[in-house]
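Examination of the molecular architecture
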Amino acid sequence: MKEVTGVRFKRPGKIYYFDSEGIELEKGMHVIVDTAMGEEYGEVVLVNKQIDDDKLTEPLKKVIRIATDKDEKIRLQYKSKEKDAFKTCLEKIEKHGLPMKLIDVEYKYDGSKVIFYFTADKRIDFRELVKDLASVFRTRIELRQIGVRDEVKRSGGNGICGRELCCCSFLGSFETVSIKMAKEQNISLNPSKISGNCGRLMCCLKYEQEVYEEKLKRLPKIGAIVKTQDGTGEVASVETLKEVIRVKFQDGDDSYYKKYDAKDIVVIKDAVIDDDKLEVENEEDREELEKLERLENDDKKNVSEDEI
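Note that the structure is a prediction, hence the values are computed from the model and not measured.

This brings us to unusual backbone geometry. In this structure, Pro 12 follows Arg 11 across a cis peptide bond, with omega equal to -5 degrees. On the secondary structure map, Pro 12 appears in the loop between strand E1 (2-8) and strand E2 (15-18). Here Asn 48, not a glycine, exhibits a phi torsion of approximately 55 degrees, which is positive. Its location among the elements puts Asn 48 in strand E4 (residues 38-51). Given a relative accessible area of 52%, Asn 48 falls into the exposed group. Even without being glycine, Arg 138 reaches a positive phi, approximately 50 degrees. Considering the arrangement of structural elements, one finds Arg 138 in the loop between helix H3 (127-137) and strand E8 (140-145). Residue classification places Arg 138 among the exposed residues on the basis of a relative accessible area of 74%.

Written out as structure tokens, the structure reads:
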């Protein structure tokens, strides 16, 4: 076990761990830390946290010092220049006729680098643009292509729930989500209902997935043959969170349904479900869902957080 300090560089954003040995820190303090990208300015969000050695990337980088009033003044000075830098970059992009969309501009706290975030449908040759920008800002320039999730995270907005988007308010990083999650949670496989503002599957599909997976291991599948106190029937539907099973009974040519707690039934023969089968109302939705699945797989290859 090693005692570490958790530092966040953006809010919301991923927490990175540093060695603060010899420096007394409190939550909420601002610090200067050593990173792979050079010195960075961040906020202490965790102190005296114990982490298993095997979960740490060695060697652990260090907290250099507590940020001073001068550091804060310099950071705010460069922060105030970001809007003008954005406008300048837009003009240069138009001048070079590049098929890219500028999303955000970020100065390093000490002005040693300016990062321009953009999206594009394909790789862009922006070497001439970088030279142009370097001649204007006279510092190191980095153009960083980001994905659509990061674009929405930076631009902000509200979800269909009416609240601020999760990625803009508290999510530190993006986790993998899949259409299978929506299916297991009995959510309508309607692309418009399970997609977020970014056009990808909603991040909130992940929140309850572990609970659903744990319960589904113990519950019969739709189509299973079960024994109840009223006789043998077929599972018609499952209320996963409540663990309530709706059973269909045959009475001659007629059928009727009755609900039971899962603990009150015995599975005689469970059903086999094809997890890859998409039960949708029309072919257009099927094509859209398959496209979403492909995009999710492509996004897994992209890193949305900087290597600190």
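Picking up where we left off.
Quick look at the side chain of Ser 195 now. In this fold, Ser 195 is placed in the loop between helix H7 (191-194) and helix H8 (209-216). Overall, Ser 195 belongs to the buried group, its relative accessible area being 15%. Dropping the residues within four chain positions of it, Ser 195 is found in contact with Arg 200, Leu 201, Met 202 and Leu 292.

As a further point, take the nonpolar core. Among the nonpolar cores identified, the biggest contains 18 residues, and Met 100, Phe 116, Leu 133 and Leu 143 are the most heavily contacted of them. Among the secondary structure elements, those contributing two or more residues to this core are helix H2 (82-96), strand E6 (101-107), strand E7 (113-119), H3 and E8. With residues near it in sequence (within four places) discarded, Met 100 still touches Ile 93, Phe 118, Thr 119, Ala 120, Ile 124, Leu 129 and Leu 143. Ranked by size, the runner-up nonpolar core spans 11 residues in total, among them Ala 224, Ile 245, Val 247 and Tyr 260.

About the cut-offs
- Residues numbered from 1 in each chain as written.
- Predicted model: local features only at pLDDT ≥ 70, side-chain atom pairs only at ≥ 80, totals over all residues.
- Heavy atoms only, no water.
- Helix = DSSP H or I, 4+ residues; strand = E, 2+ residues; numbered from the N terminus.
- Buried < 20%, exposed > 50% of the residue type's maximum accessible area, 1.4 Å probe, protein only.
- Contact = heavy atoms within 4.5 Å.
- Core = buried A, V, L, I, M, F, W, Y, C linked by side-chain atoms within 4.5 Å.

From the geometry alone we can't say anything about function, so treat these as descriptive.
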